[in-house]
Amino acid sequence: MTPARRRPDGDGPDTFCRIVAGELPAAIVHSDEATVAFLDHRPLFPGHVLLVPRTHVAVLADLPPSDVDRFFRLAQRLEIAVERATGSDGSMVLVNNRVSQSVPHLHLHVIPRRFRDGLRFWLGPRRPYQSPDDADRVAAAIRGHLDLSGLSRLG
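Residues numbered from 1 in each chain as written. Predicted model: local features only at pLDDT ≥ 70, side-chain atom pairs only at ≥ 80, totals over all residues. Heavy atoms only, no water.

## A few points about a nonpolar patch on the surface
Together, Leu 146, Leu 148 and Leu 151 give the surface a local cluster of nonpolar side chains, amounting to about 280 Å² of exposed area. Here Leu 146 shows up in the segment after α3 (132-145). The exposed category is assigned to Leu 146, whose relative accessible area is 52%. (Patch = residues over 30% accessible without salt bridge, like charges linked within 9 Å, V, L, I, M, F, W, Y side chains within 5 Å. Areas by Shrake-Rupley, 256 points an atom, 1.4 Å probe, with all protein chains shown as cover. Salt bridge = Lys/Arg side-chain N within 4 Å of Asp/Glu carboxyl O. Helix = DSSP H or I, 4+ residues; strand = E, 2+ residues; numbered from the N terminus. Buried < 20%, exposed > 50% of the residue type's maximum accessible area, 1.4 Å probe, protein only.)

Now the structure itself:
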């Protein structure tokens, strides 16, 4: 396991590394050799779960390729469990990378949702493309940076 990452102020490991180490309390939903899932202490709705890797990584791009499959398979199972346990109509699964990332440790949110629950702030404001050509330019730029090495097939 890599050492816990220090907070930007240099005062010690980040909050999630401390939860993983058992130094801070959390309502644990699941724990195994690679991950810990626990209830967010400031949930958007009851049942809001955070999934973190035990090894410190800051953002999704830092998660070793060998860990990605298991991490997201567990996220799928947590999504089902959260929806069933809360009786929700669905859920929102998201990862913030740097921007809006409150703790500098990769964490995936599974948030139970209900129709008309009032949660709208992540969906706006929308900024449409100026034209189809503008959308094509952006898509081409992303394609130009998309590294598909190591992927045997997509689909």
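## Comments concerning the confidence of the model for the protein chain
The pLDDT averaged across the protein chain works out to 88; a share of 87% of its residues lies at or above 70. With pLDDT under 50 throughout, residues 1-10 is counted as low confidence; its partners more than four residues away or in other chains account for 21 contacts. (pLDDT = per-residue confidence, 0-100. Contact = heavy atoms within 4.5 Å.)

## Details of the pairing of strand β2 (residues 35-39)
Most of β2 is tucked away: four of the five residues are buried. Pairing between strand β1 (residues 28-31) and β2: three bridges, direction antiparallel. Its bridge partner lying in β2, Ile 28 is registered against Phe 38. Between β1 and β2, which pair antiparallel and follow one another directly, the connecting turn spans three residues. The pairing of β2 with strand β3 (residues 49-53) spans five bridges and is classified as antiparallel. The residue bridging Thr 35 from the neighbouring strand is Pro 53, located in β3. (Pairing = 2+ DSSP bridges.)

## Regarding the pairing of strand β5 (residues 108-113)
β5 sits mainly inside the fold: six of its six residues count as buried. Relative to β5, β3 runs antiparallel, the two being bridged by three bridges. Opposite Leu 50, over in β5, you have His 109 as the bridge partner. Inspection of the sheet shows strand β4 (residues 90-95) paired to β5 by six bridges, in the antiparallel sense. Residue pairing for β5: Val 93 is matched across the bridge by Val 110.

## A look at the layout of surface pockets
For the largest pocket, the calculated volume is near 420 Å³. Contributing to the lining of the largest pocket are 22 residues, with Asp 40, His 41, Arg 42, Leu 50 and Ser 102 lying nearest its centre. For the lining of the largest pocket, the secondary structure elements donating two or more residues are α1 (15-20) and β2. Looking at the lining of the largest pocket residue by residue, the class counts come to 12 nonpolar, eight polar and two charged. In this structure, the second largest pocket occupies an estimated 280 Å³ of space. Along its surface, the second largest pocket is lined by Leu 63, Pro 65, Val 68, Asp 147, Ser 149, Gly 150 and Leu 151. (1 Å grid on protein atoms, 1.4 Å probe; cavity = no way out; pocket = protein on both sides within 12 Å on 5 of 7 lines; lining within 4 Å. Points joined across faces, edges and corners; volume = space filled by probe spheres on them. Nonpolar A, V, L, I, M, F, W, Y, C, P; charged D, E, K, R; others polar.)

## Side note on the environment of Arg 84
Mapping Arg 84 onto the fold places it in helix α2 (residues 65-86). Overall, the relative accessible area of 69% leaves Arg 84 in the exposed class. Spatially, the C-alpha atoms of Arg 84 and Pro 112 are 9.5 Å apart, while their sequence positions differ by 28 residues.

## What to know about α2
In a regular helix each residue adds 1.5 Å, so 22 residues correspond to 32 Å; α2 covers 32 Å between its end C-alpha atoms and thus fits that length. Burial in α2 covers these residues: Phe 71, Leu 74, Ala 75, Leu 78 and Val 82. The buried residues of α2 occupy an angular sector of 120° when projected down its axis, which confines them to one face. Exposed positions of α2 whose direction lies more than 90 degrees from the buried face are Arg 77 and Arg 84. On the buried face of α2, the contacting elements are β1, β2, β3 and β5. Just downstream of α2, Gly 87 is the residue with a positive phi angle, here 65°. (Expected span 1.5 Å × (residues − 1). Arc of directions from axis to C-beta.)

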